[in-house]
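In case you want the letters, here they are:
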Amino acid sequence: MRTLRDGGVAPVAVLLGIQLVSGLMPATTALAVKFLVERLAARGETTLPLLAFGALILLGRLAQTALGPAAYLVTQRIDGARRRQLIRLVTAGATADVLERPATRELVRVARADPEFWAERTPGEGATAQLDLLVRWAGVAVSAVVLTSFAWWLAPFVLVPAVAIRSIWRRQFLEHIQLERDGMVTGIEAEHWKRTAIEWTDGKESRTFGFGSWAVDRSRHHALDMLRPRWLAGTRSVLEQWKIAAVVGVPLVIAFALVVWRADGTGGGVASAAAVLGSGWSILNLLGFTDALDIEGAVPGVRAFARLMAELPGADVGTDELLKSGDKHGGRAPLVRFEGVSFTYPGNGQKVLDGLDLEVRPGELLAIVGLNGAGKTTIIKLLTGLYQPTEGRITVDGIHLADTDIDSWRRRISVVFQDFVQYHLPVFDNIALGYGGVPVTSSLVHAAARDTGLDVIVAGLPDGWHTPLARTRPGGVDLSGGQWQKVVLTRAMYALRQGARLLVLDEPTAHLDVRAEFEVFHGLAALKDRAGMVLISHRLSTVRLADRIVLLDGGRIVESGTHAQLMSAEGLYADLFTTQAERFNQGFNDQLDEEEPV
Ligand SMILES: Nc1ncnc2c1ncn2[C@@H]1O[C@H](COP(=O)(O)OP(=O)(O)OP(=O)(O)O)[C@@H](O)[C@H]1O
């Protein structure tokens with residue numbers, strides 16, 4: 001009921017009014033019938049009462065017609081507000097570690113107000129159904145008063161079976177929903193196997209590996225596992241319906257028969273009997289059970305949201321103001337220091353970083369190299385404030401990162417993550433997302449595309465900048481790995497042009513061919529005056545362009561210097577570089593030629 005606040009006072013008041021008219025209509029109609037029959041029997045004036053009766057029926061029809069749209073409006077307003085609140089809640093937390101927990105991710109899924117299976121309902125649907133149920137109970141109370149006015153025992157005689165049937169049906173219905181929920185995991189398995197066989201991306205492998213019919217069998221097996229308990233429960237409840245009919249039907253038939261029998265054949269008697277039959281029948285109708293699905297189906301989402309509100313840090317989602325537009329930064333590049341930083345991932349006992357000291361200096365191209373799993377990407381996650389060091393501290397221009405406004409800091413950084421996101425959006429939006437919260441400047445998007453050579457790719461797209469980057473979207477295209485890498489590099493360039501002053505690139509060119517990579521790095525080197533740069537790459541031949549190279553091993557920096565200094569030190573870096581150079585000379589096209597002019 002509390003979520004109704006998000007529906008807005010006026011829409012909820014209108015909905016309540018319409019629901020009241022609908023809910024009280026059966027009892028009112030019954031009373032009107034009684035009044036009309038009495039008038040007819042007494043041969044009194046009937047024109048006005050008939051007109052009033054017609055108006056009442058019309059009002060009832062109008063209310064019925066308006067009910068759907070009014071409920072839809074309130075539902076959508078509540079659900080829209082919930083989606084906005086959830087996005088803010090999830091994006092407001094400074095660090096990403098909480099969201100990495102599977103339990104939290106499940107809470108976010110359930111709280112999303114976007115049902116994924118038939119028994120899930122949105123908070124808006126739950127709230128309007130709850131309101132409707134209250135009004136229906138009010139209608140039942142009025143109908144019960146009408147019955148009592150005829151004979152005191154009639155109200156309980158009709159109400160008790162009606163409430164009994166409601167609770168029995170409701171219980172059976174909820175059991176079915178629970179079975180649905182229990183079968184969800186098996187259902188997901190069945191769905192996964194089905195998709196594996198028929199969807200394009202997965203289907204490529206199912207065809208070449210030849211496991212199509214096996215996937216069909218697995219899918220059918222899981223589907224049957226999921227459906228069997230439901231069939232059993234469904235059959236059981238159908239077989240039980242005669243018991244319900246007996247419990248409910250017999251007293252009702254007796255009550256109604258008594259009323260008809262006691263009606264003395266006079267006009268007044270018939271009128272009262274008509275009113276009683278009408279009210280009694282309306283009680284049965286009003287106490288349906290389908291609201292159980294709308295209300296109970298919405299409860300998990302509402303609870304999940306409340307838990308997220310309690311668990312996710314730093315979220316204030318009560319207000320409905322627009323996202324704050326980010327302040328433009330510009331200015332100079334920051335000096336970042338990692339001072340004795342250690343880090344362990346939550347739930348993982350091993351130290352990834354162990355007393356790391358590192359300086360990222362303004363106007364310098366710093367390269368971080370190291371073997372797989374050395375912790376390079378982890379440094380980026382700490383630098384961007386997605387995680388907090390477990391020991392030590394990170395400072396930005398001398399200020400502890402934990403004490404700075406993290407949003408403001410993130411406006412100063414432009415990052416290309418190794419596992420960047422391929423947004424299924426037009427190419428223009430894919431770039432503009434790189435610096436959110438400020439008005440998009442088309443000229444800067446185009447300029448960034450020229451920096452990376454993306455403009456040439458865009459020129460070849462069917463709808464230019466408006467082309468969606470996913471074949472699943474109408475008119476969309478799938479880009480190659482290298483082309484996507486140009487898109488994300490352009491995204492980062494756009495952020496730089498908008499005002500970011502530290503460019504962080506984690507394996508930004510792994511998919512680029514040698515020539516494209518070479519061009520990109522020369523472009524980057526030219527930007528050094530404008531921004532600090534951190535580059536992570538396994539291709540040491542490009543890393544050698546850096547002003548300073550640090551080698552990460554065992555959670556610490558073990559070697560540091562220019563390419564020439566590290567080579568003459570003949571340590572691990574020199575070893576790795578020599579191995580890569582030899583591979584290239586043997587024909588492995590995974591790096592620039594040692595002798596290529598840089
Ligand atoms: N979210 C996470 N939870 C737990 N452990 C993680 C998580 N992310 C990374 N790790 C672990 O932390 C270690 C460092 O990972 P990281 O991605 O920083 O290495 P990397 O040097 O970037 O490796 P690569 O060169 O392969 O990209 C690895 O052992 C990895 O398994």
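Per chain, the residues get numbers from 1 upward, laid out in the order the sequence is written. Where local features are concerned, this predicted model is filtered to residues with pLDDT of at least 70; where side-chain atom pairs are given and counted, the filter is 80 or more; whole-chain, interface and lining totals use all residues.

Participant: Before we go on, may I ask you to explain the confidence of the model for the protein chain in this structure?
Facilitator: Low-pLDDT portions of the prediction should not be read for the details of their coordinates. A score between 0 and 100, pLDDT records how confident the predictor is in each residue. When the pLDDT values of the protein chain are averaged, the result is 82; 90% of them are 70 or greater. Helix and strand assignments follow DSSP, with helices taken as H or I runs no shorter than four residues and strands as E runs no shorter than two, numbered in order from the N terminus. Put simply, helix H7 (residues 200-209) is where the protein chain has its lowest mean pLDDT, 67, and strand S1 (residues 336-344) is where it has its highest, 94. With pLDDT under 50 throughout, residues 315-329 is counted as low confidence; its partners more than four residues away or in other chains account for 24 contacts. It is the C-beta atoms, placed from the backbone, that decide contacts: two residues are in contact if theirs lie within 7 Å. Scored below 50 in pLDDT, residues 591-598 makes 14 contacts in the model with residues more than four places away or belonging to other chains.

Participant: So what exactly am I meant to see when it comes to the sheet that holds strand S3 (residues 365-370) here?
Facilitator: Remark on secondary structure: sheet strands pair via backbone hydrogen bonds, oriented parallel or antiparallel. Any two strands with at least two DSSP bridges between them are considered paired. Taken together, six strands build an open sheet; the order of strands is S6-S7-S8-S3-S9-S10 and the sheet is mixed. If you trace the sheet from one side to the other, it starts and ends with strand S6 (413-416) and strand S10 (556-561), each paired once. Neighbour-to-neighbour, the strand axes of the sheet open up by a mean angle of 15°, direction not taken into account. Of the strand pairs in this sheet, S3 and strand S8 (residues 532-536) are connected by four bridges, and their pairing is parallel. Counted as the bridge partner of Leu365 is Met533 from S8. Axis definition: a line fitted to C-alpha atoms, over the contacting stretch in the case of helices. Angles run 0 to 180 degrees between N-to-C directions. Against the sheet, helix H17 (residues 481-498) touches S6 and strand S7 (502-506), its axis set at about 180° to S6.

Participant: How should the site of the ligand be read in this particular structure?
Facilitator: Whether a residue is near a molecule or strand depends on its C-beta atom, generated from backbone atoms, being within 6 Å of that molecule or strand. Around the ligand, 13 residues are found, and the nearest of them are Tyr345, Asn372, Lys376, Thr377 and Thr378. Looking at which element gives the most residues to the shell around the ligand, the answer is helix H12 (residues 376-383), with three residues. Each residue receives one of three labels: charged for Asp, Glu, Lys and Arg, nonpolar for Ala, Val, Leu, Ile, Met, Phe, Trp, Tyr, Cys and Pro, and polar for the others, Gly being one of them. For the shell around the ligand, the per-class residue count stands at three nonpolar, eight polar and two charged.

Participant: How do you make sense of the sheet that holds strand S4 (residues 391-396) when you look at a structure like this?
Facilitator: Taken in spatial order, the four strands make up an open sheet running S2-S1-S4-S5, and their pairing is antiparallel. In this open sheet, the two strands that pair with only one neighbour each are strand S2 (351-360) and strand S5 (399-400). Note that S4 and S5 share two bridges and pair antiparallel. Looking at the pairing, Val396 lines up with Ile399 of S5. The strands touched by H12 are S1, S2 and S4; relative to S1, the strand with the most contacts, the crossing angle is about 115°.

Participant: Any chance you could explain the packing of helix H5 (residues 154-182) against helix H8 (residues 212-239) here in plain terms?
Facilitator: In a packed pair of helices, the relevant descriptors are the angle between the two axes and the axis-to-axis distance. The interhelical angle for the contact between H5 and H8, taken along N-to-C directions, is 170°, at an axis separation of 10 Å. Looking at the two axes, H5 sits roughly antiparallel to H8. Seen from H5, the contacting residues are Gln172, Glu175, His176 and Leu179; seen from H8, they are Pro229, Arg230, Ala233 and Ser237. Its residues placed into classes, the contact of H5 with H8 shows three nonpolar, three polar and two charged. To sort the angles, those under 35 degrees are grouped as roughly parallel, those over 145 as roughly antiparallel, those from 65 to 115 as roughly perpendicular, and the leftovers as oblique.

Participant: I keep staring at the UniProt feature "transmembrane region" (unreviewed entry) in the protein chain and nothing clicks. Help me out?
Facilitator: UniProt positions are given in the numbering used here, feature names are shortened, and annotations may be inferred rather than shown by experiment. Mapped onto this numbering, the UniProt entry gives "transmembrane region" (unreviewed entry) at residues 12-36, 48-67, 140-165, 244-263 and 269-287. Within residues 48-67, the helical portion is 100% and the strand portion 0%, while the C-alpha atoms at the span's ends are 28 Å from each other. The span residues 140-165 shows a helical share of 88% and a strand share of 0%, and its end C-alpha atoms are spaced 15 Å apart.

Participant: Help me understand the pairing of S2 in this model?
Facilitator: The side chains of a regular strand alternate between the sheet's two faces. Sheet analysis places S1 next to S2, joined by six bridges and oriented antiparallel. Directly across from Phe338, in S2, lies its bridge partner Leu358. Hairpin remark: S1 followed by S2, antiparallel, with six residues in the connecting loop; positive phi at Gly347, about 75°.

Participant: Can you help me understand the pairing of S4 in this one?
Facilitator: In this sheet, S4 lies alongside S1 in antiparallel orientation, the contact comprising five bridges. Of the residues in S4, the one forming a bridge with Phe338 is Ile394. What sits between the antiparallel neighbours S4 and S5 is a turn of two residues, in which Asp397 has the positive phi angle 50°.

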